[in-house]
Number of protein chains: 2
Amino acid sequence: MDMELWYTEKQTPNFGITAKIGKTLHHEQTEFQTLDVIETKQFGNMLVLDGMVMTTDKDEFVYHEMLTHVGMFTHPEPKRVLVIGGGDGGAIREVLKHPSVETATLCEIDRRVIEVSQKYFPEIAGKLTDLRVEIKVEDGIKHIEANPGKYDVILVDSTEPVGPAVGLFQKPFYQGIYEALRPGGVMVAQTESPWFNRELISQVYRDISGIFPITRLYTASIPTYPSGLWSFTLGSKEMDPLQVEESRFTPLETKYYHPGMHHALFQLPRFVSELLEQEG
Amino acid sequence: MDMELWYTEKQTPNFGITAKIGKTLHHEQTEFQTLDVIETKQFGNMLVLDGMVMTTDKDEFVYHEMLTHVGMFTHPEPKRVLVIGGGDGGAIREVLKHPSVETATLCEIDRRVIEVSQKYFPEIAGKLTDLRVEIKVEDGIKHIEANPGKYDVILVDSTEPVGPAVGLFQKPFYQGIYEALRPGGVMVAQTESPWFNRELISQVYRDISGIFPITRLYTASIPTYPSGLWSFTLGSKEMDPLQVEESRFTPLETKYYHPGMHHALFQLPRFVSELLEQEG
């Protein structure tokens, strides 16, 4: 009988997921983090950074579509789009589905995430060679400081708030994003689990509300992420995503997002909306 | 250093959750299934039947509210309500929040689930002693056959489609429910995960659509259930849940459901709505 190998991720000190695996396809310590690619039987290839699942073949579409399209459709005509983090290329792939896009800039601090994703996740990273894509291997915080007033939409596709991503959950970073956006600009950041990261969500929502005139949170269901429920926080200079008109939506090929849910998304479970009402 | 104990549930042959535990509070083999109660560090007490998580202190509110309130508010004035399964009492607790309810009948096949829940889950089972509650320890299939035209709302709060619950996912059972409902009646059944039970969801939706003039599916995020995303299928004799007017909603104390999401719930992720379009 074959040996059974299982990968277990402790998503909190007291809870986790476990996945039956085949081969470990890749393991390295990069300049910034440990980087693993493993074959799972349930979700296909899985990218793991510092022991945390970043994406899998089978459920990546939820995260990448939901990080991208809500903000992209909130902006009236996004031409220049920046993705901070997101070296796997999934958010860039979704950004490029919008015909108004002229340049999609990927700012990823770790070159190895890009290279390994291109090798093992061709369905996710395949659009990084598109002529509209510009790849910057540099610190996202420095990149936004160096590019004031440049972008229409900025998507923050970070790892968890440990290691290289700590600064991407702090108020000075969101202030920098505000300044890197053109008038009418929109940002969306992944902001963790409403079950396991309650204080972080409250804090980030307060911070973004202190900078952007319009702030909205929405969620999506991602099986391989902690608790299976994930949050995204949107900051907008002018347009409220709740006011976007139906005529704005161009047809997209997607598997999770569709325009019919654009307004419905903001009808949050009560325990989630209560996180946004707490005093600072 | 203390020994660490972890409970691992294989939700599929290739994927599962794992939870750090304290004491095992209860273990028995009942007439119908194995029944365990364990203390988890993340989700509080956890009820496990035949090795599958049924409910936990911390996330039970999602399942019980979402099984109950969508159907209850779809009916104009639910007076007689039946819960099939649901021996933990959580669905009954939610049913009783609706002031029109005169009798709430629990039909649970396994008396021990009720008794053990009353001991270890007082927050969930505490309303089973309400004067409006009638408890029947019997087979749900036989109960509906014996009670034609009796109920306004029937909720199917079953275990997974193995063991004692197999018949609760089959077309003759839904036909029996139709006949046990009064004119204007509404049913809601828990129908498993859109990630891991795709064929089951398609089949149940087709079966219920073949019996009820109105069939709708919606989802909710439940961290301890397989994939974290759960589906519910509603069948209605007259009222479409999408047509319920705002004035129908009476205020309820809830932590997940609120009337603002009543219509939004039906804006399903595209990969879920595609399950409902397949040919039989």
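The present account deals with the structure reproduced in this document. (Residues numbered from 1 in each chain as written. Chains lettered and ligands numbered in written order. Predicted model: local features only at pLDDT ≥ 70, side-chain atom pairs only at ≥ 80, totals over all residues. Heavy atoms only, no water.)

## Some words on the interface of chain A and chain B
- Tallying the contact residues gives 41 residues for chain A and 40 residues for chain B.
- For the pair chain A and chain B, the two sides together bury roughly 3,400 Å², of which 63% comes from carbon and sulfur.
- There are two salt bridges connecting chain A and chain B.
- Linking Lys-10 of chain B and Glu-4 of chain A is a salt bridge whose minimum nitrogen-to-oxygen distance equals 4.0 Å.
- There are 17 residue pairs in polar contact (both at pLDDT 80 or more) connecting chain A and chain B.
- Of all the elements in the fold, those that place two or more residues in the side of chain A that touches chain B are strand 1 (5–12), strand 2 (15–29), helix 1 (60–74) and helix 8 (270–273) of chain A.
- In terms of residues, the side of chain A that touches chain B owes the most to one element, strand 2 of chain A, which gives six residues. (Contact = heavy atoms within 4.5 Å. Buried area = accessible area lost by both parts, 1.4 Å probe. Salt bridge = Lys/Arg side-chain N within 4 Å of Asp/Glu carboxyl O. Polar contact = N/O pair within 3.5 Å; in protein donor to acceptor, adjacent residues only side chain to side chain. Helix = DSSP H or I, 4+ residues; strand = E, 2+ residues; numbered from the N terminus.)

## Considering the sheet that holds strand 11 (residues 214–221) of chain B
Residues and elements named next belong to chain B.
- With mixed pairing, the seven strands of this open sheet are ordered in space as 8-7-6-9-10-12-11. Edge positions in the sheet fall to strand 8 (133–136) and strand 11, since each of these pairs with one other strand and no more. Along the sheet, successive strands turn relative to each other by an average axial angle of 15 degrees, direction set aside.
- Across five bridges, the pairing between strand 9 (residues 151–157) and strand 10 (residues 181–190) is parallel. In the strand pairing of strand 10, Leu-155 is matched with Val-188.
- In the packing of helix 1 (residues 60–74) onto the sheet, the strands contacted are strand 6 (80–85), strand 9, strand 10, strand 11 and strand 12 (229–236), and the crossing angle to strand 9 comes to about 155 degrees. (Pairing = 2+ DSSP bridges. Axes fitted to C-alpha atoms, helices over the stretch in contact; angles between N-to-C directions.)

## Focus: the packing of aromatic side chains
All names here are of chain A.
- By the definition in use, this model includes 32 aromatic pairs over all chains.
- With a centroid separation of 5.8 Å and an interplanar angle of 40 degrees, the aromatic rings of Tyr-63 and Phe-232 are classed as tilted. A residue pair is termed long-range when its members are at least 10 positions apart, and Tyr-63 in helix 1 and Phe-232 in strand 12 (residues 229–236) qualify at 169 residues.
- Of the residues examined, Tyr-63 reaches a relative accessible area of 4% and is grouped as buried.
- For Phe-232, a relative accessible area of 0% puts it in the buried group. (Phe/Tyr/Trp six-rings, centres within 6.5 Å; stacked < 30°, edge-to-face > 60°. Buried < 20%, exposed > 50% of the residue type's maximum accessible area, 1.4 Å probe, protein only.)

## What to know about the relation of the copies chain A and chain B
- Take chain A, turn it by 180 degrees, move it 0.0 Å along the axis, and it overlays chain B with an RMSD of 0.0 Å. Taken together, the rotation and translation describe the operation of a two-fold axis.
- When you check the interface residues of chain A against chain B, 98% turn up at the interface there too, and the contact is symmetric in its surfaces. (Least-squares fit on C-alpha atoms with pLDDT ≥ 70 in both.)

## Digging into the environment of Pro-161 of chain B
All names here are of chain B.
- Tracing the backbone through its elements, the reader meets Pro-161 in the loop between strand 9 and helix 6 (171–180).
- The class of Pro-161 is partly exposed, set by a relative accessible area of 27%.
- Sequence separation between Pro-161 and Phe-43 is 118 residues; the distance between their C-alpha atoms is 24 Å.
- Apart from residues no more than four positions distant in its own chain, Pro-161 is found in contact with Val-166, Phe-169, Glu-192 and Leu-200.

## Let's talk about the pattern of salt bridges
- The tally for this structure, following the rule as stated, stands at 20 salt bridges over all chains.
- We note a salt bridge from Arg-182 of chain A to Asp-152 of chain A, for which the minimum N-O separation is 3.0 Å. Of this pair, Arg-182 of chain A sits in strand 10 (residues 181–190) while Asp-152 of chain A sits in strand 9 (residues 151–157), and the two are 30 residues apart along the sequence.
- Judged by its relative accessible area of 24%, Arg-182 of chain A is partly exposed.
- For Glu-115 of chain B, the salt bridge goes to Arg-112 of chain B, with nearest N and O atoms at 2.6 Å. Here Arg-112 of chain B and Glu-115 of chain B lie together in helix 3 (residues 111–120), a separation of three residues that amounts to about one turn.
- For Glu-115 of chain B, a relative accessible area of 34% gives the class partly exposed.

## Regarding the sheet that holds strand 6 (residues 80–85) of chain A
Residue and element names in this part refer to chain A.
- Strand order in the open sheet formed by seven strands is 8-7-6-9-10-12-11, and the pairing between neighbours is mixed. One side of each edge strand has no neighbouring strand; the edge strands of this open sheet are strand 8 (133–136) and strand 11 (214–221). In this sheet, adjacent strand axes meet at a mean angle of 15 degrees when their direction is disregarded.
- Sheet topology places strand 10 next to strand 12; five bridges connect them, and they run antiparallel.

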